[in-house]
Amino acid sequence: MPSIAKPLVGHPSLAKNAIGLTIRDYEGTMSTLCAGCGHDSITAAIIKALWELSTPPHRLAKMSGIGCSSKTPTYFVSGAHGFNSAHGRMPAIATGASAANRELTYVGVSGDGDSLSIGIGHLCHAIRRNLNMLYVLENNGVYGLTKGQFSASTDVGSKSKKGEANVMSPIDPIQLALSIGATFVARSFSGDKEQLIPILKAAIAHRGFALVDVISPCVTFNDHEGSTKSYKYSRGATHAATESDFVPPATEIVGSIGPVGSTSIRMHDGSVLNFTRVPDNYDVTDRAAAVKYLREHPGQIVTGVLFADEGVPDMHEMAGSPQTALVNVPFDKLCPGSAALERLMGSFR
Amino acid sequence: MHASDTSNPDYFHKVVDCQWACPAHTNVPEYIRLIAQGRFTDAYMLNRESNVFPAVLGRTCDRPCEPACRRSRLPSPSGEETPVAICRLKRVASDHKGDISERLPKAPAVKNGKRIACIGAGPSSLTVANDLMPHGYSITILERYDKPGGLMRTNIPSFRLPEQVLADEVNSILDMGVDIRYNTPATSMKAILDEGFDAIFVGSGAPRGKDLDLPGRNESDRIHIGIDWLGGLAFGHIDKIGEKVLIIGVGNTAMDCCRSSRRLGGKDVKVMARRPRAYFKASPWELEDAEEENIEIVINHAPKRFVIENGVLTGMEFERLEWDAEAKKSTVIDTVILPCDDVILAIGQDNAFPWIEHDLGIEFDKWGMPKVDQTTFECTRPGIFFGGDAAWGPKNIIWAVEHGHQAAISIDNHCQGVSVAERLGFGINLISQKMGLSEWSYHNDYNPASRQKMKHVDLVQRFEDLHVEVELGFTAEQTAREVQRCLNCDVQTVFKAAKCIECDACIDICPLSCLTITKDGPEDEMRLRLSAPATNITQELFASDPLPHTGRLMMKDEDLCVHCGLCAERCPTAAWDMQKSQLNINYAGQASTKLELTHA
Ligand SMILES: Cc1cc2nc3c(=O)[nH]c(=O)nc-3n(C[C@H](O)[C@H](O)[C@H](O)COP(=O)(O)OP(=O)(O)OC[C@H]3O[C@@H](n4cnc5c(N)ncnc54)[C@H](O)[C@@H]3O)c2cc1C
Ligand SMILES: Cc1ncc(C[n+]2csc(CCOP(=O)(O)OP(=O)(O)O)c2C)c(N)n1
Ligand code: SF4
Ligand code: SF4
Ligand code: SF4
Ligand SMILES: [Mg+2]
């Protein structure tokens, strides 16, 4: 725990975003994580992404479960709503929250333990429902909060701090998500904000569930020689499959600035995800190609936006739920009274 | 970029903006921390080491440290951020110090046999005596007046600097056994040389006030030369002035003349300036103090003639000027006559060395100034040194002190047979401030308090007696607040590239966006692609050695670092550490000490 809160004084060049806020307005309280934790770096990337998108703090909902990673929503956007749920239950709570208020921007933060062990079922169903949220999986290959046990994402052969090698095969959240129909799948590294920030922005703009798996070294329990999730190993093993940039709706002027890269995907809100580089024979909208590419690069941490499909309806579209948050639905419509209930019940008889 | 050479003492010295700007390199942040701890005597003694006259300077210093203070560059929610009140905190140390007699330098019982003459008893000569007496030198000061202190005594009015405050500090030097000959103007350098001194220091100042040769100048005795007039006041020869007073010039002397006039009966006192306010020599705070006393500062007026009617000065005629944008060229609009009873000329000082014969090997330049070496302060005749205002014209007390320190080193070398050019320069010690996890031995939090305003004696009371000191000093509460404004710039961020794992923690936490890990490049290009643009090129851009994992560089823009230590706290490998830099300043005595050691 740092000795002091981050002083409020900031650099005079601090810019304001479209809603008049500086990046400092998107900070949270001081992190209590270990100094050097990859999670803190991701927090900084989320702050930057939300500031750049000019997301109004009070229109943001931060969701999480249990774990060091799940503690981090406290460390960004103090002015937002938030729910720190039970272990692994974040997707379920987020589903409920979104059902009630579809107008908020949902950012969920989870860990590899929270997501791939206790919460794996909830994660799968949120993906199936195409729940409209950014789901950041801060992947350090251990249960950090409980002092470094192997998690379900630990690679075979990766060593614990005491030197024991893991023997069980890992669950790759990306391949899992692709196999059950995820509509936006990306991977990055906490130590590469240049890549991570545009990915986070695109993921927030995405219509539906966006899974961003971020390799995030645990500096205390999994940053040693022999670990495949250390800073050193991760830097050496990352392989950027795609390179992309995110162009928000306001700045895109079709015609004058054409798409830079080989492919571009128009996001639901009018923004554009420009791919400045994708491998030959790789189509970011082709699910099978993404899986194939991952399989062809074993032992490497393949990063970038790996798959995106803007054409799939999200949970609300599938359910045909009201266009607005339930708070904005007039009370007599929300609760039409016993006569209406009688009619409804009658229709089932 | 080349990796920054932080082993060069200048690197970290420069980060301590105030200490770097102080001619005598006073260890400002350290004395401010000592004050914060209530250690006033220690704070005073630390000051005395480098600036010799803390109580005097705490009231009068030109304070080049304050405009340099890092704090003044930070943005502030309440408008403009102001520097730490460095100067007035010096006064706090002296106001509350305890008995220092045991801690003052003392002359040894046995003299070293070397005799030094100092001309003039101003701050430069006194510093020479202060530095050399403890090493066994015999110092003789020749002073034309009957009191020591130089312009500090004769020209700085007692409402700014009480006589006793000055006397205490001057006596702490003289009491070491300095042989001071009062009422002894030097009239011949040759005669002094004939006395067989081992070295001579000329600290006679710039004693001649500039005159203004305009029509009417010699037709009235109510036209005064500022520094002489102030001298007359200090020695009690002058005790009144007319109701209407015009001060010509707008420098430090003018400020003291106008404020003194208000105390001697001047009711309508005007300071007449040729140029617009932005070009004044007086400091903003001096102008403020004058205006607080209802003195009018009139700009764009050039003196033309003295108006004398029936042998009596009745006014002065001025040309009203209009200046171009940079105040370089002016055009005359018209002329005006301002009525007055007295005029005080405060337009500068000249040096004068009529007593130095020209056949002694002491060369002068075409302006009549001695040729003096910038480092050794020696003139063209070995063994004769110049310092203070006598060396390169009028400066200020703190420069006079620094000249004294440097000249004393040369004199020591000269007398011990060491080349005067042999000087040790600075050294620096770095001491880690880490006490434990997230625990530092200094107060690392940033305090948003604004600068404390010095309270002044009310206007009626201060005019009752010429000697009422205007500034009241800081209250305990004000001191407590002001000390916390200092950013502890001497607690340095020290980086070890080999330890960095590039986790970004330091970059993310830094409140002032000082840090960046990035690819190497040319400095001016890199300055623009950092976490925040590093546009203040007077401030160092730190570049590390290539980092082990990626070969990129850790960069730090020193400009706005608030020395909060968060980078070091969040660094998992202690690649960053907060280390206090202690500048080692060398004073006279190295040559003597070396000699003593070889004899022992
Ligand atoms: C009105 C006024 C106000 C000032 N206010 C400030 C201020 O607030 N802060 C600041 O930092 N500086 C101020 N200064 C400047 C500062 O006082 C001088 O820069 C400083 O005192 C110079 O020190 P010095 O040792 O060179 O000589 P001085 O202080 O000038 O001392 C020279 C001494 O030599 C003596 N002397 C001269 N000729 C001879 C001779 N032939 N034989 C024997 N003795 C001789 C003089 O009587 C004097 O005592 C002010 C100056 C003036 C004129
Ligand atoms: C129901 C329940 N079971 C077990 C735990 C113990 N527990 C706390 S955190 C955690 C794992 C966290 O791992 P991960 O999600 O990877 O987070 P990290 O700390 O590594 O960021 C476990 C098992 C719990 N809090 N609640
Ligand atoms: S903040 Fe303190 S140490 Fe830094 S320049 Fe100002 S007075 Fe000096
Ligand atoms: S001490 Fe470190 S964190 Fe604090 S302002 Fe300076 S560089 Fe930034
Ligand atoms: S916190 Fe330490 S290890 Fe991490 S990037 Fe900064 S200096 Fe390097
Ligand atoms: Mg984990």
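As shown above, the structure is provided for reference.
Quick caveat: nothing in here was measured; it's all calculated off a predicted structure.

Peer 1: For unusual backbone geometry, give the residues involved together with the corresponding values.
Peer 2: Phi is positive for A:Lys147, which is not a glycine, with a value near 85 degrees. With respect to the helices and strands, A:Lys147 occurs in the loop between strand S5 (142–143) and strand S6 (149–150). Given the relative accessible area of 61%, A:Lys147 is considered exposed. Even without a glycine there, the phi angle at B:His563 is positive, about 55 degrees. Along the chain, B:His563 turns up in the loop between strand S22 (553–557) and helix H21 (566–570). Residue class for B:His563 comes out buried when judged on its relative accessible area of 0%.

Peer 1: Break down helix H16 (residues 397–415) of chain B for me, with residues and values.
Peer 2: Residue and element names in this part refer to chain B. The end-to-end C-alpha separation of H16 is 26 Å, in line with the 27 Å expected for 19 residues at 1.5 Å each. One side-chain oxygen of the residue at the start of H16 lies 3.4 Å from the amide nitrogen of Ile-398, identifying that residue as Asn-396. Looking at the residues trailing H16, positive phi occurs at Gly-417, about 75 degrees.

Peer 1: Explain the sheet that holds strand S6 (residues 223–225) of chain B to me, using residue names and the numbers behind them.
Peer 2: Residues and elements named next belong to chain B. Across the sheet, 5 strands lie side by side as S6-S13-S7-S8-S9; this open sheet has parallel pairing. Strand pairing shows two members of the sheet lacking a second neighbour, S6 and strand S9 (296–298), which therefore form its edges. Adjacent strand axes in the sheet meet at a mean angle of 20 degrees when their direction is disregarded. Relative to S9, strand S8 (residues 268–272) is paired through 3 bridges, and the arrangement is parallel. Along S9, the bridge assignment pairs Val-271 with Ile-297.

Peer 1: If you had to explain the packing of helix H3 (residues 28–36) of chain B against helix H7 (residues 86–96) of chain B to someone new, which residues and values would you point to?
Peer 2: Residues and elements named next belong to chain B. It is the contact of H3 with H7, at a shortest axis distance of 10 Å, that shows an interaxial angle of 50 degrees. Overall, the two elements H3 and H7 adopt an arrangement that is oblique. Between H3 and H7 the crossing geometry is left-handed. In this structure, H3 uses Val-28, Tyr-31, Ile-32 and Ile-35 to contact H7, whose residues at the interface are Ile-86, Leu-89, Lys-90, Val-92 and Ala-93. Grouping the constituent residues of the contact of H3 with H7 by class yields 8 nonpolar, no polar and 1 charged.

About the thresholds
- Residues numbered from 1 in each chain as written.
- Chains lettered and ligands numbered in written order.
- Predicted model: local features only at pLDDT ≥ 70, side-chain atom pairs only at ≥ 80, totals over all residues.
- Heavy atoms only, no water.
- Helix = DSSP H or I, 4+ residues; strand = E, 2+ residues; numbered from the N terminus.
- Buried < 20%, exposed > 50% of the residue type's maximum accessible area, 1.4 Å probe, protein only.
- Expected span 1.5 Å × (residues − 1).
- Polar contact = N/O pair within 3.5 Å; in protein donor to acceptor, adjacent residues only side chain to side chain.
- Pairing = 2+ DSSP bridges.
- Axes fitted to C-alpha atoms, helices over the stretch in contact; angles between N-to-C directions.
- Parallel < 35°, antiparallel > 145°, perpendicular 65-115°, else oblique.
- Left-handed = near helix turned anticlockwise from the far one by under 90°.
- Contact = heavy atoms within 4.5 Å.
- Nonpolar A, V, L, I, M, F, W, Y, C, P; charged D, E, K, R; others polar.

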